[in-house]
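# Structure assessment
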Amino acid sequence: GGGVELTPEEAAVLREAAAKFSKNSSPGAAAVLPPALLGTPPPLPPPPAASSPPPPQHSALRDRAQFDRLQASSVATPSAFFGNLASGFEWRNAPASSHSKQSLSSPTTTGSTGSAAPPPPWFVGGRLNVALNCLDRHVAAGRGAQPAFVWPSSSGGGGGGGSEEQGDASSVVETLSYEAAASRVAELAQWLSRSAGVGAGDSVAIMLPPGGVSLASGGSSPLLPLAFLAVARVGGAALLLDPSAPAEENGAALASSGARVAVTASGGQLTLGGPLVPVKERLDAAADACFEARGHALETALCFEAAGVSVAETPWKCSRDVWSGAALGEKKDPESTSSSSPSSSSSSSATAWPDANAPLLLAIAPGTGGSTLLAYPGAGLLVCSGAAARLSLDASSAARVAVASSAPWSEAAVVFGVLGPLSNGGAAVVLPPP
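Residues numbered from 1 in each chain as written. Predicted model: local features only at pLDDT ≥ 70, side-chain atom pairs only at ≥ 80, totals over all residues. Heavy atoms only, no water.

To continue, consider the nonpolar core. L135, F149, L229 and L422 are the most contacted members of the largest nonpolar core, which has 72 residues in total. Not counting the four nearest positions on each side in its chain, L229 is found in contact with A131, C134, L135, F149, V185, L419 and L422. With 23 residues, the next largest nonpolar core counts L241, L254, A259 and A287 among its residues. (Core = buried A, V, L, I, M, F, W, Y, C linked by side-chain atoms within 4.5 Å. Buried < 20%, exposed > 50% of the residue type's maximum accessible area, 1.4 Å probe, protein only. Contact = heavy atoms within 4.5 Å.)

Running from amino to carboxyl end, helix α5 (residues 178-194) crosses helix α6 (residues 223-233) at an angle of 60°, the nearest separation of the two axes being 8 Å. Taken together, the axes of α5 and α6 lie oblique to each other. The two elements α5 and α6 meet at a crossing, and its hand is right-handed. When α5 is examined against α6, the residues A181, A182, R184, V185, A186, L188, A189 and L192 are found in contact with a partner set consisting of L226, A227, L229, A230, V231 and R233. (Axes fitted to C-alpha atoms, helices over the stretch in contact; angles between N-to-C directions. Helix = DSSP H or I, 4+ residues; strand = E, 2+ residues; numbered from the N terminus. Parallel < 35°, antiparallel > 145°, perpendicular 65-115°, else oblique. Left-handed = near helix turned anticlockwise from the far one by under 90°.)

As a further point, take the environment of P152. Along the chain, P152 turns up in strand β2 (residues 147-152). Residue P152 is classed as partly exposed on the basis of its relative accessible area of 27%.

By the element assignment, S256 lies in helix α7 (residues 247-257). With relative accessibility at 16%, the residue S256 sits in the buried group. Reaching out from S256, the side chain makes a polar contact with the backbone oxygen of G370 at a distance of 3.2 Å. A distance of 3.0 Å separates the side chain of S256 from the backbone oxygen of S371, its partner in a polar contact. Every residue in contact with S256, bar those within four places of it in the chain, is listed here: R294, G370, S371, T372 and L373. (Polar contact = N/O pair within 3.5 Å; in protein donor to acceptor, adjacent residues only side chain to side chain.)

Within α7, eight of the 11 residues are buried, which leaves the element mostly enclosed by the surrounding structure. All buried positions along α7 are accounted for by N250, G251, A252, A253, L254, A255, S256 and S257. Against the buried residues of α7 lie β4 (203-207), β7 (237-240), α8 (279-294), β13 (359-364) and β14 (372-377). G258 sits one or two residues past α7 and shows a positive phi near 75°.

Written out as C-alpha cells, the structure is:
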C-alpha cells in the first residue's frame with residue numbers, strides 16, 4: 001500500500017501468505033491487507049534499454065565521440081585544425097601559419113616594468129579587421145536586417161532609435177540590426193581616426209555602463225560593444241575600465257596602457273534595475289589619479305549624454321571633453337541614421353588591417369592594482385571565440401547568446417558575449433549584471 005514495486009516472485013509469496021492469513025483469521029482480518037495483493041498483479045514494464053546520455057542542448061557537438069575527434073585533431077595537427085577555423089573569416093593577408101605551441105600560453109602581460117613577453121604567434125603573417133568580420137561581412141552577405149544586438153529596454157517599450165525595432169507597450173527588449181550597428185561603428189571609428197588621431201596600435205580607454213544606455217537624444221544603445229568594435233575597426237586596443245573600480249586602479253591602468261583617448265557616458269546603470277551612476281565623473285577621477293601618480297594625461301574624452309544625467313550637470317573640461325552630439329552629429333529624430341554607410345569611401349580611411357598578433361583587448365591583471373595589463377591579440381580572440389560559440393553554443397545566424405558576468409563588464413563578456421555570436425552572424429544579448 002506504500003507504493004513499493006514488487007517482483008513477480010515477491011508478489012506470489014505475499015498472495016499465498018494473504019490467502020493463509022484470511023483462511024485462518026477472523027472475517028475482518030483480511031481487510032487490513034491491500035486488495036491488490038489478493039488479485040493477479042499487472043505485468044511489470046520492461047526495463048529501460050541501456051543508452052548513452054542525451055546530447056547537450058544548444059550545442060553543435062552532438063556526442064562525446066565528436067568532441068574526442070576534434071580534440072585529437074587539435075593536438076595531432078594544430079596548424080591544420082586552427083587554420084580550418086580561421087578559413088571562414090575575411091583576411092586582408094592570409095596567415096602563413098596558424099599555430100605554434102606557444103600560442104596556447106597566457107596572454108601577453110604589459111605594464112610599467114617594461115618586461116613584457118612577445119605576443120604569442122597566432123596566425124603568423126595574417127592581417128584582418130575584427131569589426132568588419134563581426135558586422136560588415138554579414139551585411140555584405142545580405143543579413144543586414146537581422147539583429148546584431150538585443151538588450152533590455154529601460155522604458156519597457158521599443159523605440160531604440162536608428163534601426164532598432166519598434167515594439168509595442170508590452171515589449172521588454174530592443175534590437176539593433178547588423179546594418180545599423182555597422183553604420184554606427186563606422187561613424188564612431190571615423191571620429192576616432194580623424195578627430196582623435198587614433199590609429200593602429202593606439203590604446204583607447206572605454207568606461208561605459210555594461211547594458212543598454214538610455215540616451216538623452218532618445219532611445220537607448222549598447223554603447224560599450226559598439227565602442228569596442230569601433231576601436232577594433234581603426235586597429236586600436238580597447239582598455240576596458242570598470243566604473244565601479246577604485247579611481248587609483250583605473251588611473252594606473254590608463255598609465256600602463258598609454259591611452260590618451262577615452263569614450264564614456266555622462267551616466268548609466270551598472271546593474272540591472274540599479275540607480276543611475278555618474279560614469280564620466282568616475283572617469284575624471286581615474287584620469288586625475290593617473291596624472292597625479294604617473295604624470296600621464298588623458299587628452300580627449302568623448303562623452304555620450306545619458307538620460308537622467310545631463311551634460312549640463314556633468315563636470316566638464318572644455319580643453320579635453322567632447323560631446324558626442326556635436327562630434328557625431330546626433331539628431332533628436334530616432335529614425336535618423338548616419339548618412340555614411342559602413343562601406344562608403346568616407347569611412348574606409350578609418351578601417352585598418354592590423355597584424356593578427358596586434359593587441360585588441362587590454363584588461364587589468366588581477367591583484368596588480370592596474371599596474372599590469374593583459375593584452376589579447378585580435379585574430380586569436382576572434383577565431384577562437386567564434387569557434388567556441390559555434391561548437392559549444394551552436395551560435396548560428398538564428399541564435400541569440402547572452403553571457404552573465406559578475407563584474408559590470410569583463411573581457412570574458414566581450415569575447416564570448418560579443419565576438420562569439422557576432423562572428424557567427426548571431427545576436428549578442430547585452431545584459432548588465434543583476
